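Close look at the chain arrangement
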Amino acid sequence: MERILITGASGFLGGRIAAYYRDKYEIYAPGSKEMDITDRESVKEAFEKFRPDYCVHCAAVSDVGQCDREPERSWKINVDGAVNLARASALVGAKCLLCSSDQVYAGSGVRGPHLETEAVVPGNLYGREKLAAEGLCMEANPDSVHLRLSWMYDARTLNPGEH
C-alpha cells in the first residue's frame, strides 16, 4: 500500500485529506511533537523512517493577524517548515504537494479567480511568507507542486472517520 505523510492533519484541510484517503493509503499524520517541521533533522528522520510516496503539506500559521504578531514563529513554520518538507521529499523520492495561498495576490487589487500568469503582489506578511516558501521549495525540490488555495469553509463538522 502506498504511503502519504500529511502535515496539519488536525486542521481543516489536512484532516479532510487524511479522512478521505485513510482506506486507500497508509497515512502518517504526525503532530508537532512527533515531527517538528521547523527542525530539518526531525523532518529528515521522520521521512527516512516512514518512507512516504507522497507528502501533502497543509500545516501553516494561516491567521494573518497571528503572523503579524509572531513573525519569527510564522516564518519558521510557513517558510522553513515547507522547505524542510520539500527537501525531505526529494531525499526519499516522495511526490511533494505544498499548500500555498491566494494571499500571494492580496495586494494586487484584483478580485475573483486568479491566474498562474498573474503578477503576485502579497498584501500581508502571510502572503509574503507563502510566496517565499514557494520559491525556496522549488529551489530545494524542483518537482514539488504548489497549490494556491483560497479561503475554505464548510457548513458541516467533520467527525473522526467521516469522509
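Our subject is the structure listed above.
Keep in mind that what you see is a predicted model, and the values were worked out from it rather than measured. (Residues numbered from 1 in each chain as written. Predicted model: local features only at pLDDT ≥ 70, side-chain atom pairs only at ≥ 80, totals over all residues. Heavy atoms only, no water.)

This next bit is on the packing of aromatic side chains. All chains considered together, the criterion is met by four aromatic pairs. With 6.0 Å between their ring centres and 85° between their planes, tyrosine 25 and tyrosine 54 make a pair best called edge-to-face. One end of the pair, tyrosine 25, is in the loop between α1 (12–21) and β2 (26–28); the other, tyrosine 54, is in strand β3 (residues 54–57), and 29 residues separate them in sequence. When its relative accessible area of 28% is taken as the criterion, tyrosine 54 is described as partly exposed. Ring plane angle 40° and centroid distance 5.2 Å describe the contact between tyrosine 28 and phenylalanine 50, whose orientation is recorded as tilted. Of the two residues, tyrosine 28 sits in strand β2 while phenylalanine 50 sits in helix α2 (residues 40–50), which places them 22 residues apart along the sequence. The class of phenylalanine 50 is buried, set by a relative accessible area of 9%. Aromatic rings pair up to connect Tyr20, Tyr21, Tyr25 and Tyr54 into one cluster. Over the aromatic face of phenylalanine 50 sits the side chain of arginine 3, whose NZ or CZ is 4.8 Å from the ring centroid. (Phe/Tyr/Trp six-rings, centres within 6.5 Å; stacked < 30°, edge-to-face > 60°. Helix = DSSP H or I, 4+ residues; strand = E, 2+ residues; numbered from the N terminus. Buried < 20%, exposed > 50% of the residue type's maximum accessible area, 1.4 Å probe, protein only. Lys NZ or Arg CZ within 6 Å of the ring centre and 35° of its normal.)

In this section: the packing of α2 against helix α4 (residues 71–92). It is the contact of α2 with α4, at a shortest axis distance of 9 Å, that shows an interaxial angle of 35°. The element α2 and its partner α4 pack so that their crossing is right-handed. In contact with Arg40, Val43, Lys44, Phe47 and Glu48 of α2, α4 contributes Asn84, Leu85, Arg87, Ala88, Ser89, Leu91 and Val92. The residue makeup of the contact of α2 with α4, split by class, is six nonpolar, two polar and four charged. (Axes fitted to C-alpha atoms, helices over the stretch in contact; angles between N-to-C directions. Left-handed = near helix turned anticlockwise from the far one by under 90°. Contact = heavy atoms within 4.5 Å. Nonpolar A, V, L, I, M, F, W, Y, C, P; charged D, E, K, R; others polar.)

Quick look at the side chain of serine 101 now. Tracing the backbone shows serine 101 in strand β4 (residues 95–101). The exposure class assigned to serine 101 is buried, which follows from its relative accessible area of 4%. Within the structure, serine 101 has its side chain in polar contact with the backbone nitrogen of glutamine 103 (distance 2.9 Å). Beyond its immediate stretch of four places on either side in the chain, serine 101 contacts Tyr126, Lys130, Leu147, Arg148 and Leu149. (Polar contact = N/O pair within 3.5 Å; in protein donor to acceptor, adjacent residues only side chain to side chain.)

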